[in-house]
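Spelled out, the chains give:
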Amino acid sequence: MQNTLKLIAANLDSTVATGLNVINLANDADPRTVALAGVDRVELNFPKFTDGRAFSQALLLRRRLGFKGEIRATGDVLIDQLLQMQRSGFDAAVLRADQDIEQAQRQLERFSGFYQGDVQRAPLFAAATGVSAGVKNTEGVAA
């Protein structure tokens, strides 16, 4: 699997985005209610490790709203979350201060692929059978 998630150490994160139109979206906000025209980056916050609402927000931004800008994870971002962040549509993650960036990079390189689909790829079975995800077969059952 190609690593598309940019890792940022907490001490290197700049809250000032020079020349960029950045929205910091609270984790209880609905991305469908935000005007995204001209927005370059959306920052989604993980207030604590156990709060995963930002995963859903990223998925909404990518799949339903077609947002093409950067989606950045901030807050309580741990190495354990990185693969799911990448698969949910995040482009960048600002690691919590006590997280090692080299270990985080190894975590992203750990798996070469996944059986399930994500925001970037169709499921492996779809590619292997030549069926696109969500297409129904002759019995009306999703293939």
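These numbers were taken from a predicted model, which means no experiment stands behind them.

## With respect to the packing of aromatic side chains
Okay, step 1: A complete count under the given rule lists 3 aromatic pairs for this structure.
Okay, step 2: Aromatic pair Phe-46 and Phe-55: ring centres 5.1 Å apart, planes at 70°, arrangement edge-to-face.
Okay, step 3: Overall, the relative accessible area of 18% leaves Phe-55 in the buried class.
Okay, step 4: For the pair Phe-55 and Phe-90, a centre-to-centre distance of 6.4 Å together with 85° between the ring planes defines the contact as edge-to-face. Within this pair, whereas Phe-55 is found in helix H1 (residues 53-64), its partner Phe-90 is found in the loop between helix H2 (82-88) and strand E5 (92-94), the two being separated by 35 residues in sequence.

## Observations regarding the pattern of salt bridges
Okay, step 1: This model, assessed by the stated rule, comprises 7 salt bridges.
Okay, step 2: Here Arg-32 and Asp-30 are joined by a salt bridge, their closest N and O atoms 2.9 Å apart.
Okay, step 3: A residue is classified by how much of its surface remains accessible, and Asp-30, at 27% relative accessible area, is partly exposed.
Okay, step 4: Overlapping salt bridges, with partners in common, bring together Asp-76, Arg-96 and Asp-98 in one network.

## A closer look at helix H3 (residues 101-108)
Okay, step 1: Among the residues making up H3, those that are buried are Ala-104, Gln-107 and Leu-108. Looking down the long axis of H3, one finds its buried residues gathered within 100° of arc, a one-sided arrangement.
Okay, step 2: Buried positions along H3 lie against strand E1 (6-8) and H2.
Okay, step 3: One side-chain oxygen at the N-terminal end of H3 lies 2.9 Å from the backbone nitrogen of Glu-102; it belongs to Asp-100.

## Regarding the side chain of Gln-99
Okay, step 1: With respect to the helices, strands and loops of the structure, Gln-99 is situated in the loop between E5 and H3.
Okay, step 2: Of note is the side chain of Gln-99, whose polar atom sits 3.1 Å from the side chain of Asp-98.
Okay, step 3: Contact partners of Gln-99, with chain neighbours within four places excluded, come to Val-77, Leu-78 and Ile-79.

## Thoughts on the environment of Arg-62
Okay, step 1: Relative to the assigned elements, Arg-62 resides in helix H1.
Okay, step 2: For the pair formed by Arg-62 and Phe-90, sequence separation is 28 residues and the distance between their alpha carbons is 8.8 Å.
Okay, step 3: A polar contact is formed between the side chain of Arg-62 and the backbone oxygen of Phe-67, at a distance of 2.6 Å.

Conventions adopted
Residues numbered from 1 in each chain as written. Predicted model: local features only at pLDDT ≥ 70, side-chain atom pairs only at ≥ 80, totals over all residues. Heavy atoms only, no water. Phe/Tyr/Trp six-rings, centres within 6.5 Å; stacked < 30°, edge-to-face > 60°. Buried < 20%, exposed > 50% of the residue type's maximum accessible area, 1.4 Å probe, protein only. Helix = DSSP H or I, 4+ residues; strand = E, 2+ residues; numbered from the N terminus. Salt bridge = Lys/Arg side-chain N within 4 Å of Asp/Glu carboxyl O. Arc of directions from axis to C-beta. Contact = heavy atoms within 4.5 Å. Polar contact = N/O pair within 3.5 Å; in protein donor to acceptor, adjacent residues only side chain to side chain.

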